[in-house]
Amino acid sequence: MQFRFSRRGFLSGLGLASLSGGRGGRVAAYQGAATDVYADLGVRPFINAAGTYTALSGSLLLPEVRAAMDEASRAYVSLGELQEAAGARIAELAGAQAALVTAGCAAALTLATAACVLGEDEEAIRRAPDTDGLKNEVIFLKEHRFGYDHAIRNVGAKIVEVESREDMQSAINDRTAMLFYLNFANNRSPMTRDEVARLGKEKGIPTLIDAAADLPPVGNLRAYNDMGYDLVAFSGGKALRGPQCSGILMGRKDLIHAAYLNGPPHSNSVGRIAKVGKEEIVGVTKAVELYTTRDHEAEWEAWDEAVRHILATVAKVPGVRGERFVPEIANAVPHAGIMWDPKRVTLTRQDFVDALREGDPRIEVRPSDPGEPRLEIGVWMMEPEDHLVVATRCREVLEQALA
Ligand SMILES: *Cc1c(COP(=O)(O)O)cnc(C)c1O
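1. Examining the overall build of the protein chain
Working step 1: Counting its secondary structure elements, the protein chain contains 15 helices and 14 strands.
Working step 2: Scaling as 2.2 N^0.38, a compact globule of 403 residues should have a C-alpha radius of gyration of about 22 Å, and the protein chain matches this with 23 Å.
Working step 3: Projected onto the principal axes, the alpha-carbon positions of the protein chain cover approximately 65 × 60 × 40 Å.
Working step 4: Burial analysis of the protein chain (403 residues in total) assigns 53% to the buried set.
Working step 5: Surface accessibility of the protein chain: about 18300 Å² in total, with carbon and sulfur atoms responsible for 50%.
Working step 6: A distance of 2 Å separates the average location of the 46 positive side-chain charges in the protein chain from that of its 55 negative side-chain charges.

2. A few points about the sheet that holds strand 9 (residues 231-235)
In a beta sheet, neighbouring strands pair by backbone hydrogen bonds and run either parallel or antiparallel.
Working step 1: Read across the open sheet, the 7 strands follow the order 4-10-9-8-7-5-6; overall the sheet is mixed. Each edge of the open sheet is held by one strand with a lone partner, namely strand 4 (98-102) and strand 6 (158-162). Going across the sheet, the axis of each strand differs from the next one's by a mean of 25°, ignoring polarity.
Working step 2: In the packing of helix 12 (residues 278-293) onto the sheet, the strands contacted are strand 4 and strand 10 (247-251), and the crossing angle to strand 4 comes to about 125°.

3. A short note on the site of the ligand
Working step 1: Around the ligand, a shell composed of Thr54, Gly104, Cys105, Ala106, Phe146, Tyr148, Leu182, Asp210, Ala212, Ala213, Ser235 and Lys238 is seen.
Working step 2: With respect to the ligand, the backbone of Cys105 contributes an N or O atom lying 2.8 Å from an oxygen atom.
Working step 3: Ala106 has a polar backbone atom sitting 2.9 Å from an oxygen atom of the ligand.
Working step 4: In the shell around the ligand, the residues fall into 7 nonpolar, 3 polar and 2 charged.

4. A few points about the nonpolar core
Working step 1: Formed by 77 residues in total, the largest nonpolar core has its most connected members in Ile338, Leu375, Ile377 and Leu398.
Working step 2: Mapping this core onto the domain boundaries places at least three of its residues in each of domain 1 (9-60 + 295-400) and domain 2 (77-293).

5. Some points on the packing of aromatic side chains
Centre distance and the angle of the planes are the two values used to describe a pair of aromatic rings.
Working step 1: Enumeration over the complete set of coordinates arrives at 7 aromatic pairs.
Working step 2: Ring plane angle 85° and centroid distance 5.8 Å describe the contact between Trp303 and Trp380, whose orientation is recorded as edge-to-face. Of this pair, Trp303 sits in helix 13 (residues 296-314) while Trp380 sits in the loop between strand 14 (374-378) and helix 15 (386-400); the two residues are 77 residues apart in sequence, bridging distant segments of the chain.
Working step 3: Residue class for Trp303 comes out buried when judged on its relative accessible area of 5%.
Working step 4: An aromatic cluster is defined as three or more aromatic residues linked by ring pairs; in this entry it consists of Phe140, Phe146, Tyr148 and Phe180.
Working step 5: The ring of Phe140 carries Arg145 above its face, with NZ or CZ at 5.7 Å from the centroid.
Working step 6: Arg374 extends its terminal NZ or CZ atom over the ring of Phe325, reaching a point 5.0 Å from the ring centre.

6. What to know about the pattern of salt bridges
Working step 1: Across all of its chains, the model carries 27 salt bridges by this definition.
Working step 2: When salt bridges that share partners are traced, they join Glu123, Arg126, Arg127 and Asp130 into one network.

7. Describing the domain arrangement of the protein chain
The figure often quoted for interface size is the accessible area lost as the parts come together.
Working step 1: The domain boundaries assigned to the protein chain delineate domain 1 (9-60 + 295-400) and domain 2 (77-293).
Working step 2: Spacing between the C-alpha centres of domain 1 and domain 2 amounts to 31 Å.
Working step 3: Residue-level contacts link 19 residues of domain 1 with 17 residues of domain 2.
Working step 4: Between domain 1 and domain 2, a total of about 1400 Å² is buried, with carbon and sulfur atoms accounting for 52% of that surface.
Working step 5: Among the residues domain 1 hides against domain 2, the three largest losses belong to Ser59, His296 and Ile329. Together they make up 39% of the total.
Working step 6: Between the two partners, domain 1 and domain 2, sit 8 residue pairs in polar contact (both at pLDDT 80 or more).
Working step 7: Its residues assigned to classes, the side of domain 1 that touches domain 2 comprises 10 nonpolar, 7 polar and 2 charged.

8. Considerations on the sheet that holds strand 11 (residues 320-325)
Working step 1: The strand order across the open sheet built from 3 strands is 11-12-14, with neighbouring strands paired in antiparallel fashion. On the outer flanks of this sheet lie strand 11 and strand 14, each paired with one strand and no other. Strand-to-strand twist in this sheet, taken as the mean axis angle between neighbours without regard to direction, amounts to 20°.
Working step 2: When strand 12 (residues 335-340) meets strand 14, the two strands line up antiparallel, connected through 5 bridges. Bridge assignment links His335 to a residue of strand 14, and that residue is Gly378.

9. A closer look at the packing of helix 13 against helix 15
Think of two packed helices as two axes; the pair is described by the angle between the axes and how far apart they sit.
Working step 1: With their axes 9 Å apart at the nearest point, helix 13 and helix 15 run at an angle of 20° to one another. Judged on the interaxial angle alone, helix 15 and helix 13 are roughly parallel. The way helix 13 lies across helix 15 gives a crossing that is right-handed. Two secondary-structure elements touch here, helix 13 through Ala306, His309, Ile310, Thr313 and Val314 and helix 15 through His387, Leu388, Val390, Ala391, Thr392, Cys394, Arg395 and Leu398.
Working step 2: When its residues are assigned to classes, the contact of helix 13 with helix 15 shows 8 nonpolar, 4 polar and 1 charged.

About the cut-offs
- The residue numbers shown here count from 1 along each chain, following its written sequence.
- Only residues with pLDDT of 70 or above have their local features reported here, since the model is predicted, and side-chain atom pairs are shown and tallied only from 80 upward, although totals for entire chains, interfaces and linings are computed over all residues.
- Values shown for side chains rest on all heavy atoms present in the structure; no hydrogens or waters enter the calculation.
- A run of DSSP states H or I qualifies as a helix once it reaches four residues; a run of E qualifies as a strand once it reaches two. Both are numbered from the N-terminal end.
- Here the radius of gyration uses the C-alpha set of atoms, whereas the globule reference equals 2.2 Å times the residue count to the power 0.38.
- Only protein chains enter the area calculation, which uses a 1.4 Å probe; residues under 20% of their type maximum are buried, those over 50% are exposed, and those in between are partly exposed.
- The method behind every accessible area is Shrake-Rupley, applied with a 1.4 Å probe, and residues are considered shielded solely by the protein chains displayed.
- Lys and Arg are tallied as positive, Asp and Glu as negative. Neither His nor the chain termini are counted.
- Every charge is mapped to an atom, namely NZ of Lys, CZ of Arg, CG of Asp or CD of Glu.
- When DSSP locates at least two bridges between a pair of strands, those strands are taken to pair.
- Here, axes are lines fitted to C-alpha atoms. For helices the fit covers the stretch in contact, and angles between N-to-C directions go from 0 to 180 degrees.
- By definition in these notes, contact holds between two residues if any of their heavy atoms fall within 4.5 Å.
- Here, proximity means that at least one heavy atom of the residue falls within 4 Å of the molecule or strand.
- Polar contacts here mean pairs of N or O atoms no more than 3.5 Å apart (in protein, one a potential hydrogen donor and the other a potential acceptor; neighbouring residues in sequence count only if both atoms are side-chain atoms).
- Three categories are distinguished: nonpolar for Ala, Val, Leu, Ile, Met, Phe, Trp, Tyr, Cys and Pro, charged for Asp, Glu, Lys and Arg, and polar for the others, with Gly belonging to the last.
- Joining through side-chain atoms within 4.5 Å is the link that ties buried Ala, Val, Leu, Ile, Met, Phe, Trp, Tyr and Cys residues into a set, and such a set is a nonpolar core.
- Reported domain spans reflect what an automatic or database domain assignment gives.
- Geometry of aromatic contacts follows a simple scheme: Phe, Tyr and Trp rings, the Trp one being its six-membered ring, pair when their centres are within 6.5 Å, and the pair is stacked under 30 degrees between planes, edge-to-face over 60, tilted otherwise.
- Only when the NZ of Lys or the CZ of Arg is both within 6 Å of the ring centre and within 35 degrees of the ring normal is a charge said to sit over the ring.
- In the sections that follow, a salt bridge refers to a side-chain nitrogen of Lys or Arg positioned within 4 Å of a carboxyl oxygen of Asp or Glu.
- Accessible area that two parts lose when put together, with a 1.4 Å probe and added across both, is what the buried area reports.
- If an angle is under 35 degrees, it is roughly parallel; if it is over 145, roughly antiparallel; if it lies from 65 to 115, roughly perpendicular; otherwise it is oblique.
- We call a crossing left-handed when the near helix sits turned anticlockwise from the far one by less than a right angle, and right-handed when that turn is clockwise.

So this is what it looks like as structure tokens:
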């Protein structure tokens, strides 16, 4: 018997009640969390009430992605041929000239920088991270410095930090390899994302935008290509729900080709430490296909419903109120914020986090200000019914702390 992934099945269970088909008529039912392998190691899984956080293992593979990876794992292919074909498919879906599957968004940043600094020059590719004599400066606005700077510096690139549009313009010189934009910083930046894309075009300098966690909305998948960025990077293991170790770099055909030469399967390259396998390449391609065809409105409504339920449940506790919020960029989906009056509910945020983490089932929530009497819950990476459990547990913890 072969079960098909149907739109209806996806909507009713956010994709998790569906079944994955195997080869030769063998079908393995997906039965929620596969906890045996973890139990065997003494590791206790949790309900993800946080969102797409790498250290919390990101997201769960969609069943169709899991099935595609399983199939991919059963035959040998040339990685070069597979990268080219998968890249063409992804590029078509995302409105880019070309695309490359990488081992995460951070790896995409490294390969993008390598493409701009080292290009296709065999000798330069071998010599990196020694970039003496090459165009090796990457210009960053100060607000865009972030925890993934290292992915860019690995190549042997030097980050030149600037504070304004004028600064950026005057920092551009004949050693400038690339202008970098962190999409997450757009709303606190002295330059908007499209200004930087335009400046790059004007000066003939390649531009890279890191939009790792910036799906949904689905339109973002092509928005930065359309805006004129030469290179655009996304995570495959966040909202796309592809493999954890996957990412996408897309953009100008010549730069994508150079990026490919600077990484796997080419052994003597700076990107070779971030290997992608056939399973990741096939998996993230399937994830992009699914992302461009799934019903985003229905998904959003399901998240809203989960938020409403959690907020209504905790509001029954005296001194507790809740609010729905949607972060502006990155994880831009409905979340539940729970606030309490510390005089009536004698609980710190840390007490709350610990109680959920140590309870049964274990629950992890979204990181937020540790000093505030406020807990933030992301519902979009939950399994079906998880929101019911989370609502009940939150109410219990709050009630137990009533003064
Ligand atoms: C998550 C993230 C990354 C890293 O993505 P991986 O796919 O985990 O490598 C890079 N940049 C930003 C802004 C991110 O949020």
